[in-house]
Amino acid sequence: MKDKFTNKIILFFQNCGRSIKNFFQKLWAWILYGIQWIPAIFTHNKPEKPDFSGGMASPAGGDSTIVFDANQLKKTDADVTGATKAFRSAADTPEENPSLFKKRERPAPFWLGAILTTVKVAFLALIILVAVAIGAVFGVANAYLGTTPELDIAQISDQVRTSYIYDDEGQLITTYAGVENQEYASLDEIPELLQQAVIAVEDVRFYHHSGVDLKRLLGAFVSNMSNSSVSGGSTITQQLIKNQLLSPERSYKRKIQEASLALELETKYSKEQILEAYLNTIPLGGTNIGVKAAAMDYFGKELDELTLRECACLAGVTQYPYAYNPRRAYYVLKDTTTLDKRINTVLERMYTAGYITLEEKEAAANDTLVVREKSTTQDMYDLPHFVEYAVYDVVTNLLEARNLEDKSVNRAAIENELRTKGYKIYTTVDREMQTEMQDTFATYDNYPKMRYSSDSSKTTGTNADGTPMVTIYPQVGAVVIDQSTGQIKSMVGSRTEPTAKKLRNRAYQNRVSIGSTIKPLAVYGPALDKGAGLGTIIANIPAPITGWTSDPGYPETSHGNSYGPVTIRTGIKSSLNIVAARTLADLVGLEDSYEYLVNLGVDPSQINKDLVGLAMGSSGVTPLELTAAYACIANGGEYIEPISFTKVEDSEGNILLEAENCQERRQVFKPSTAYMLVDAMTTATASGTGTRARLNGMTTAGKTGTVTQRKGMTFAGITPYYTSAVWVGHDDYKKLASGDAGRWAAPLWKAYMTKVVEGLPDKDILPGTAADYGVTKYSVCSVSGKKAVSGCPTTSDYFAVGTMPTESCDVHVTANICTESNELASEYCPAELVHSGAAVSFPEDSPYLKLSASMLRTIFPNLYTGSQETCHIHTAEWAANQQNITAAVASAQSAISSAQSFMQNNASRLTSTQIATLNQLIANLNALINSETPDATAISSATSALNSTKNSMEAALPDVPSPSPSTTPVPSPSPSATPSPSPSTSDDGNGPGNE
């Protein structure tokens, strides 16, 4: 460290020494010239002046004005030494120059000797004082130089540069800069007039010094000695050092350090390199750094379009960027006097230095400036949602490429790098698609309402003008991906285009429950991979599912119009929750389902590893992740990591990132699985829950997803060209008023995707036939899902070749079935209840056996289920009881007929009370006979009571002659539904009763 410090001091003194040496050699020549005047007083011979004029020149094409030629400063040591030697030679040869040195003929006057002695002593004292002063200066300089930082060339060459972001056709979308507006321009891009204007006003001897202009520095020193303020004499090289390496402190310490570093820089950089660096780093008012950014911000022009006056204006701003800011002069102060004066000063100095003619100076002085009223540096860039995500994506990939942890501090550092290093980011965005998609969301008029009106809006910030920033709800997030490349073509994160930078982008920042759109990814895709087919039968019944922890042990919503066995295709088409949960529990398993989601790009930390999270979609998934996962299906089962850029270049054109090296690719689903999923989801949009998403004239496949209590809705769809998912909901998961995803999300998806595919020809989503993907159709029993046998109802659908069921159905049998018991008919079953046909006999572990008999009869109206035992209703005991009932009914009907005949024949002799009693007994007996479960004993008892009462009344009647036929009809009970038996007499022995 000590050696390095010593070398730095030596280098400083060597560089300064050369300039100081030249200065004192010239000073010495002038002193000698002055001494020559002493004898000239007496000899009257004027001494010859040392030749330091450097030449007189006129401006280009100009008048006789004398101007300074900076080239003449480059006098060499030989020039000065030669002048000195010439003088001494003249003194040594008096005969050649008698006017100067003539042989003394008489003693010199005393007074002349005294003067000469005094001059010598004074000169010696001056030399001593100068030496002391130089020593003091060198001492202070030595102390200051000890704290001088190293010359970091990287800080000079690696300047802040604005980056650029392009669309998928290589067209510029926007510049991307930090707080400062800075765009780099090579020296070739910067007009020569602008270069000359800056040199003329800032450092006219720029090309003729070695980093420090001693004349200007001494002038500044004298000025500072006579003023309380400190002024500078910095060259362009020194200013560059100050701007890039040192602080703006105004002190001798900084000046000395600045000079040292400037001298060192000039040994490593050419003048052109220094000037280029300077013109790109000078502050030019507002947030503008460098001439290119300022030219565009103030005048809306590229550098090659600038006029001479505009060049002079930019050069003039450099001294005091705030005071000479043209926008401030024109639109804040509304007074351009100070600015015009400064511009004219620049023009005058350009003229004096010979850079422009008098005519050019006068023309520029009379020219006018047109300054833009508002700066565009803080304006919103185009396509903000996509641009900001692309930056996020690039930062993420740079972190991975550099093996840096994804922390906020690392992200901030790399994002600053993107703003300041002049990178070029080539994105994948389709500008027209992005614009039309955003416009569609902004003008769409069929959004659902919120359940509560108070949730329809929310203040989420403050606008630039101080007004509240209000977000309307529901909001949206959507992404479109080219499934063949993984390129994100458009991304929208809100209903309206952002009015400020870095607002919420729901397309990738919102992790939301996605409902049933998770089913093809976490349930059916894995099940098909494991050997199931679209024709696999799943029990869609309200019976407990292993692993479902909430009551009643299975999903209670979205089970369809009826329960029963259904295919996986039907489960997808109709979005049946029980089918999804049972498939996951019985055919996939939680661990495998979780792994599939991870391989599909879903953040593992956001996956709920349970039946609700995996089958019902309560896990947190972004619309971007959802779109990429469905794009995997559309790409034949190969997952391609979604990406928003094709490449990133540094300012020199070197490739920092390339998409194909950043994207992960992996086969997640088998091609056969992808084919079946696409086919099933095509059915869902043709006749299932997603019909409102079907595009006219374009093959469409997709799946709806409605979150519990309508706290969000999604639709993920596939076309032959693009895959897209859309989310509709509230950022705080507030409830929507009504409907489901098929009602709200599906038509919104159709609205923007119609424009996305407009003009494209229709074709298959996956090219080729089922056989090309190893898929074939196969018939199975529609109840057991096994190989159909005689008597099985069948279903035919796709299976991967080699996975078709080979085990024959063991559920269906052909037998005589009692329709009352749903069991094999016994010998006692009534013939009218016996049916010959297919019966279902489920194994003991079947979920169907957990249902009630009535539920089973509802599910299987044309089939019969039960054990292999014979009918438990129609037994021998049942048959004997039926015989007793038959006998009892016959006896009862006979008693009823006898009682009715008795009342008719004795109507005039019976009281109304007796008639009512007999009618009531008859009615009671008829009720017992017509009961659903007639009882022989009860019927016999009621029959005995009727016979006994009738006999008692008959015995109590008085003997009278046979009466004439009565003209008054005798009331009788309602006729029995059972045919009356033949009249018979009761043998119960009961006598007549009293009235």
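As the structure is a prediction and not an experimental result, all values here were calculated from the model.

What follows covers unusual backbone geometry. Residue P474 is reached from Y473 by a cis peptide bond, and omega for that bond is 5°. Following the sequence through the fold, P474 ends up in the loop between strand 7 (468-472) and strand 8 (475-482). For the peptide bond that leads from D551 to P552, omega is 5°, which places it in the cis range. Mapped onto the secondary structure, P552 falls in the loop between strand 11 (537-540) and strand 12 (564-567). Phi angles above zero are rare outside glycine, and Q709 is one such case at about 65°. Within the fold, Q709 resides in the loop between strand 18 (701-706) and strand 19 (713-718).

On inspection of all chains with the given rule, the structure shows zero disulfides. Of all cysteine sulfurs in the structure, the one in C311 sits closest to C313, which takes part in no disulfide; the separation is 9.8 Å. Look at C313 and you get buried, because its relative accessible area is 1%. The structure places no disulfide on C792, whose sulfur is separated from the nearest cysteine sulfur, that of C809, by 3.5 Å.

The strands making up a sheet associate through hydrogen bonds between their backbones, and the pairing can be parallel or antiparallel. Pairing within the open sheet is antiparallel, and its five strands lie in the order 9-8-20-19-18. At either margin of the open sheet sits one strand with a lone partner, and together these are strand 9 (487-492) and strand 18. Taken pair by pair, the neighbouring strands of this sheet meet at an average axis angle of 10°, ignoring direction. In this structure, strand 19 lies alongside strand 20 (residues 722-729), joined through six bridges in antiparallel fashion.

Moving on: a nonpolar patch on the surface. Where nonpolar side chains cluster on the molecular surface, the patch consists of L124, I128 and V132 and spans about 290 Å² of accessible area. Looking at where V132 falls in the secondary structure, it is placed in helix 3 (residues 110-145). Residue V132 is classed as exposed on the basis of its relative accessible area, which comes to 53%.

Glancing now at the sheet that holds strand 1 (residues 163-166). On the basis of which strands lie adjacent, the open sheet formed by five strands has the order 2-1-5-15-16 and mixed pairing. Among the strands making up the open sheet, the edge pair consists of strand 2 (172-176) and strand 16 (655-658). Neighbouring strand axes in the sheet, compared pairwise and without regard to direction, differ in orientation by 15° on average. Where helix 16 (residues 408-420) meets the sheet, it contacts strand 1, strand 2 and strand 5 (424-427), and its direction lies at approximately 115° from that of strand 2.

The next subject is the packing of aromatic side chains. If you walk through the whole model with that rule in mind, you get 16 aromatic pairs. On the basis of an interplanar angle of 80° and a centroid distance of 5.9 Å, the ring pair of Y675 and Y798 is categorised as edge-to-face. Taken together, the residues Y675 in helix 26 (residues 671-687) and Y798 in strand 22 (residues 794-800) connect sequence positions 123 residues apart. For Y675, a relative accessible area of 14% gives the class buried. Three or more aromatic residues joined by ring pairs form one cluster here, namely Y389, Y392 and Y508. The cationic tip of K361 hangs over the ring face of Y351; the distance from NZ or CZ to the ring centre is 5.0 Å. It is R495 that lies over the ring of Y447; its NZ or CZ is 3.9 Å from the centre.

On to empty space enclosed by the protein. Within the structure shown, the criterion is met by two cavities of 30 Å³ or more. Of the voids in this model, the second largest cavity is the one considered here, and its volume is about 40 Å³. Around the second largest cavity, the lining residues are I481, Q483, G486, A628, A631, C632, N635, E638 and I640. Residue assignment for the lining of the second largest cavity shows that the elements contributing at least two residues are helix 24 (623-634) and strand 14 (638-640). It is helix 24 that contributes the most residues to the lining of the second largest cavity, three residues altogether. A class-by-class count of the residues in the lining of the second largest cavity yields five nonpolar, three polar and one charged.

What follows deals with the confidence of the model for the chain. For the chain, the mean per-residue pLDDT works out to 83, and 79% of the residues sit at or above 70. This model gives residues 53-101 a pLDDT under 50, and the stretch forms 49 contacts once residues within four places in sequence are excluded. Here residues 963-995 is a poorly scored stretch, pLDDT under 50, and it has 55 contacts once near neighbours within four places are set aside; other chains count.

What follows deals with the pattern of salt bridges. Taken as a whole, this structure holds 32 salt bridges when the rule is applied. R327 serves as the salt-bridge partner of D297, at 3.1 Å between the closest nitrogen and oxygen. With a gap of 30 residues between them, D297 in helix 10 (residues 291-299) and R327 in helix 12 (residues 326-332) connect regions that are remote in the sequence. Accessibility expressed as a relative area gives 2% for D297, which makes it buried. Assessed through its relative accessible area of 14%, R327 is described here as buried. Between E417 and R402 there is a salt bridge, with its nearest N and O atoms 2.8 Å apart. Here the residue E417 occupies a position in helix 16, and R402 occupies one in the loop between helix 15 (384-401) and helix 16, the gap between them amounting to 15 residues. Look at R402 and you get partly exposed, because its relative accessible area is 36%.

Here strand 20 lies mainly inside the structure; eight of its eight residues are buried. Alignment of strand 8 against strand 20, held across eight bridges, turns out to be antiparallel. Each residue of the ladder has a partner; that of V479, found in strand 20, is A725. The hairpin turn running from strand 19 into strand 20, its antiparallel successor, is three residues long.

Thresholds applied
Residues numbered from 1 in each chain as written. Predicted model: local features only at pLDDT ≥ 70, side-chain atom pairs only at ≥ 80, totals over all residues. Heavy atoms only, no water. Helix = DSSP H or I, 4+ residues; strand = E, 2+ residues; numbered from the N terminus. Disulfide = S-S within 2.5 Å. Buried < 20%, exposed > 50% of the residue type's maximum accessible area, 1.4 Å probe, protein only. Pairing = 2+ DSSP bridges. Axes fitted to C-alpha atoms, helices over the stretch in contact; angles between N-to-C directions. Patch = residues over 30% accessible without salt bridge, like charges linked within 9 Å, V, L, I, M, F, W, Y side chains within 5 Å. Areas by Shrake-Rupley, 256 points an atom, 1.4 Å probe, with all protein chains shown as cover. Salt bridge = Lys/Arg side-chain N within 4 Å of Asp/Glu carboxyl O. Contact = heavy atoms within 4.5 Å. Phe/Tyr/Trp six-rings, centres within 6.5 Å; stacked < 30°, edge-to-face > 60°. Lys NZ or Arg CZ within 6 Å of the ring centre and 35° of its normal. 1 Å grid on protein atoms, 1.4 Å probe; cavity = no way out; pocket = protein on both sides within 12 Å on 5 of 7 lines; lining within 4 Å. Points joined across faces, edges and corners; volume = space filled by probe spheres on them. Nonpolar A, V, L, I, M, F, W, Y, C, P; charged D, E, K, R; others polar. pLDDT = per-residue confidence, 0-100.

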